Amino acid sequence: MITASQMRAARALLGIDQRQLAEMSGVSLPTIQRMEASDGTVRGVVDTLMKVVEAFERAGIELIGENAPSPAGGRGVRLRPAPSKDPQG
C-alpha cells in the first residue's frame, strides 16, 4: 500500500510537515507520526491509510508501487534496491 519512506518523501516533495498532512487527510497528528515511524509498509486501519493516500493524490503525488510503471509522466523519485555487496552477485 504505502511505506513510511514514501510518506516522508511525499511530504518533502510537497514541502509540508506532519501537522499539515494530518489536516489535509483528516487523520490525527499522532497517527501520522506513528505511520511514519513504522518500518517498511505502513500498517493500520484501511480507512485511515486511504485518507492519507487520497490526500497525497489530491495534492498531486503519485505513489508508485514496487516494480510498477509510472504512465502519468511528470517528475518524481523512485528508490532502487541497493546494489549487492556480494562479489558473486
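Chains are numbered independently. Their residues run from 1 in the order of the written sequence. With pLDDT at 70 or above as the cut-off, local features in this predicted model cover only qualifying residues; side-chain atom pairs require 80 or more to be listed or tallied, and sums for whole chains, interfaces and linings still use all residues. With hydrogens and water stripped out, all remaining heavy atoms of the structure feed into the side-chain values.

Colleague: Help me understand helix 3 (residues 29-37), please; the structure alone is not making it clear to me.
Modeller: Every α-helix winds through 3.6 residues per turn, so residues three or four apart in the chain are directed the same way. L29, T31, I32, M35 and E36 are the residues of helix 3 that are buried. The arc enclosing the buried residues of helix 3, seen along the axis, measures out at 160 degrees, which places them on a common side. Exposed positions of helix 3 whose direction lies more than 90 degrees from the buried face are R34 and A37. Each residue is assigned to one of three classes by its accessible area relative to the maximum for its type, calculated with a 1.4 Å probe on protein chains only: buried under 20%, partly exposed between the two thresholds, exposed over 50%. Helix and strand definitions follow DSSP, with helices as H or I runs of at least four residues and strands as E runs of at least two, each counted in order from the N terminus. Directions pointing from the helix axis toward each C-beta atom define the arc.

Colleague: Explanation requested: helix 4 (residues 46-58) in the structure shown.
Modeller: In a regular helix each residue adds 1.5 Å, so 13 residues correspond to 18 Å; helix 4 covers 18 Å between its end C-alpha atoms and thus fits that length. All of the buried residues in helix 4 are L49, V52, V53, A55 and F56. Taken around the axis of helix 4, the buried residues stretch over an arc of 155 degrees, which confines them to a single face. Exposed and facing more than 90 degrees away from the buried side of helix 4 are V46, E57 and R58. On its buried face, helix 4 is in contact with helix 1 (4-14), helix 2 (18-25) and helix 3. Immediately downstream of helix 4, the backbone of G60 shows phi near 100 degrees, a positive value. Working rule for helices: expected span equals 1.5 Å times residues minus one. Working rule for contacts: check all heavy atoms of both residues, and any pair within 4.5 Å makes them a contact.

Colleague: Could you clarify how one ought to interpret the nonpolar core in this entry?
Modeller: In summary, soluble globular proteins display a tendency toward joint burial of nonpolar side chains. What makes a nonpolar core is a set of buried Ala, Val, Leu, Ile, Met, Phe, Trp, Tyr and Cys residues whose side-chain atoms join them at distances within 4.5 Å. One finds M7, I32, V52 and F56 to be the most contacted residues of the largest nonpolar core, which totals 17 residues. Breaking this core down by element, the ones donating at least two residues are helix 1, helix 2, helix 3 and helix 4. Discounting chain neighbours no more than four positions away, the residues touching I32 are M7, Q18, L21, A22, S25, V27 and V52.

Colleague: Explanation requested: the environment of D39 in the structure shown.
Modeller: Position of D39 relative to the elements: it lies in the loop between helix 3 and helix 4. The exposure class assigned to D39 is exposed, which follows from its relative accessible area of 73%. Here the alpha-carbon distance between D39 and S5, two residues 34 residues apart in the chain, equals 8.6 Å.

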